[in-house]
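Fold and geometry: a report
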Amino acid sequence: SAGGGSGSGSGSGSAFSVARSVYLDQGPLAFWRGNTPNVLRQAGAAGLNFALMDHYKRAIAPVMEWSLSLPSNRAAEDRKRRRALISSFLSGGLAGGGTTPPA
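All values reported here derive from a predicted model rather than from experimental measurement. (Residues numbered from 1 in each chain as written. Predicted model: local features only at pLDDT ≥ 70, side-chain atom pairs only at ≥ 80, totals over all residues. Heavy atoms only, no water.)

Describing the overall build of the protein
- What the protein contains, in helices and strands, is three helices and zero strands.
- For the protein, the N- to C-terminal ordering of α and β elements is α-α-α.
- When the accessible surface of the protein is totalled, it reaches about 8300 Å², and 62% of it is carbon and sulfur. (Helix = DSSP H or I, 4+ residues; strand = E, 2+ residues; numbered from the N terminus. Areas by Shrake-Rupley, 256 points an atom, 1.4 Å probe, with all protein chains shown as cover.)

Okay, here's the thing in structure tokens:
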């Protein structure tokens, strides 16, 4: 069509006006219709992600502890802070990779 846009109808206006129309016609629950499976899937994935993150953090703790014995010019506090950051990054990445379904 010459006016661009998508879908059927006469191009009823902005997203706000469409949302307002849906709210007035069907009520606030219309925005959540069909979303329950997504919420359940995300809740399960988030729980598994937290559990796996703790597991991976414990699994890599000995390696992180060993790394403190390596020679370094950094102060001990800086090394501990850096170790905590790397440990969180690795365990979060592994947990996220373990809970993300293949495409």
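Here we look at helix α3 (residues 76-99)
- The end-to-end C-alpha distance of α3 is 34 Å, a good match for the 34 Å that 24 residues give at a rise of 1.5 Å each.
- Buried residues along α3 sit in contact with α2 (36-67). (Expected span 1.5 Å × (residues − 1). Contact = heavy atoms within 4.5 Å.)

A few points about the packing of α2 against α3
- At a minimum axis distance of 7 Å, the contact between α2 and α3 shows a crossing angle of 140°. In terms of orientation, α2 and α3 fall into the oblique class. Helix-helix and strand crossings are classified by hand; for α2 and α3 the assignment is right-handed. (Axes fitted to C-alpha atoms, helices over the stretch in contact; angles between N-to-C directions. Parallel < 35°, antiparallel > 145°, perpendicular 65-115°, else oblique. Left-handed = near helix turned anticlockwise from the far one by under 90°.)

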